[in-house]
Amino acid sequence: MKAPFRAFVVDQTDDGFQMGIQHLEQRDLPPGDVLIQVAYAVLNFKDALVCIPNGNVAGTYPLVPGLELTGEVIGSTDPRFHPGDRVLAFDFGSTQGISRHGGYSEYARVPGDFLFRLPTGKDTRILKQ
């Protein structure tokens, strides 16, 4: 994993609302079992609401939006996933990209329960199709 890496970060403070590309390090990622090099992330309506002042969706700031992502596992303590696995990450509880960093980043760390291994023959562009 390269450090630092780029991420799209949204922040709202008493001084105002800001968003843009920032450089993060692995220690900035939330806890999780699996480290993923992100290939693609989807933009959906909740992500759009996170990216506007007073969108009333974000549970914390600063925040990396991105509810769904695909990528390749580069590290894992979850026995279900191994480096090189291609995965889809989606949080059915909608915390990813809302109250924990999501997929608008070169790297993401997520709980193994958020992950689905991509079927043989499908690559990480599955979200792009």
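In what follows, the accompanying structure is described.

### Description of the pairing of strand 6 (residues 107–110)
Part 1 of the argument: Alternating residues of strand 6 divide into Tyr107 and Arg109 and Ala108 and Val110, and every residue in both groups is buried.
Part 2 of the argument: Note that strand 3 (residues 34–41) and strand 6 share four bridges and pair antiparallel. Within strand 6, the residue paired with Ile36 across the bridge is Ala108.

### Section: the environment of Asn56
Part 1 of the argument: Within the secondary structure, Asn56 is located in the loop between helix 1 (45–50) and strand 4 (68–76).
Part 2 of the argument: Asn56 sits ten residues away from Lys46 along the chain, and the two C-alpha atoms are 9.7 Å apart.

### What to know about the pattern of salt bridges
Part 1 of the argument: Tallying each qualifying case throughout the model produces five salt bridges.
Part 2 of the argument: Of the charged contacts, one joins Arg6 and Glu106 as a salt bridge, the two residues approaching to 3.2 Å between their closest N and O atoms. Pair noted here: Arg6 is in strand 1 (residues 5–13) and Glu106 is in the loop between strand 5 (86–90) and strand 6, with a separation of 100 residues, a long-range link.
Part 3 of the argument: The exposure class of Arg6 is partly exposed, given its relative accessible area of 47%.
Part 4 of the argument: What makes Glu106 buried here is its relative accessible area of 18%.
Part 5 of the argument: Across the salt bridge formed by Arg117 and Asp85, the nearest N and O atoms sit 3.1 Å from each other. In this pair, Arg117 is assigned in strand 7 (residues 115–117) and Asp85 in the loop between strand 4 and strand 5, connecting sequence segments 32 residues apart.
Part 6 of the argument: Asp85 sits in the buried class, given a relative accessible area of 15%.
Part 7 of the argument: Taken together, the shared-partner salt bridges connect Asp78, Arg80 and Asp113 into one network.

### So, the sheet that holds strand 7
Part 1 of the argument: With antiparallel pairing, five strands are arranged side by side in an open sheet as 6-3-4-5-7. Only two strands of the sheet have a single neighbouring strand rather than two, namely strand 6 and strand 7. Adjacent strand axes in the sheet meet at a mean angle of 40° when their direction is disregarded.
Part 2 of the argument: One ladder, built from seven bridges, connects strand 3 with strand 4; its direction is antiparallel. Looking across to strand 4, one finds that Tyr40 is bridged to Thr70.

### A look at the environment of Leu88
Part 1 of the argument: Its place among the elements puts Leu88 in strand 5.
Part 2 of the argument: You can call Leu88 partly exposed: its relative accessible area is 23%.
Part 3 of the argument: Separated by twelve residues in the primary sequence, Leu88 and Arg100 place their C-alpha atoms 17 Å from one another.

### With respect to the nonpolar core
Soluble, globular proteins show a tendency: their nonpolar side chains are buried together.
Part 1 of the argument: Val34, Ile36, Val38, Leu69, Val73, Phe81, Val87, Ala89, Ala108, Val110, Phe114 and Leu115 together form the largest nonpolar core, which totals twelve residues.
Part 2 of the argument: Within the residue set of this core, elements represented by two or more residues are strand 3, strand 4, strand 5 and strand 6.
Part 3 of the argument: Looking at this core element by element, the count peaks at three residues for strand 3.
Part 4 of the argument: The contacts of Phe81, once residues within four sequence positions are left out, are Val34, Val73, Ser76, Val87, Gly112, Leu115 and Arg117.
Part 5 of the argument: Counting nine residues, the second-largest nonpolar core is a separate cluster that includes Phe5, Val9, Leu35 and Tyr107.

Reading the values: rules and limits
- Residues numbered from 1 in each chain as written.
- Predicted model: local features only at pLDDT ≥ 70, side-chain atom pairs only at ≥ 80, totals over all residues.
- Heavy atoms only, no water.
- Buried < 20%, exposed > 50% of the residue type's maximum accessible area, 1.4 Å probe, protein only.
- Helix = DSSP H or I, 4+ residues; strand = E, 2+ residues; numbered from the N terminus.
- Pairing = 2+ DSSP bridges.
- Salt bridge = Lys/Arg side-chain N within 4 Å of Asp/Glu carboxyl O.
- Axes fitted to C-alpha atoms, helices over the stretch in contact; angles between N-to-C directions.
- Core = buried A, V, L, I, M, F, W, Y, C linked by side-chain atoms within 4.5 Å.
- Contact = heavy atoms within 4.5 Å.

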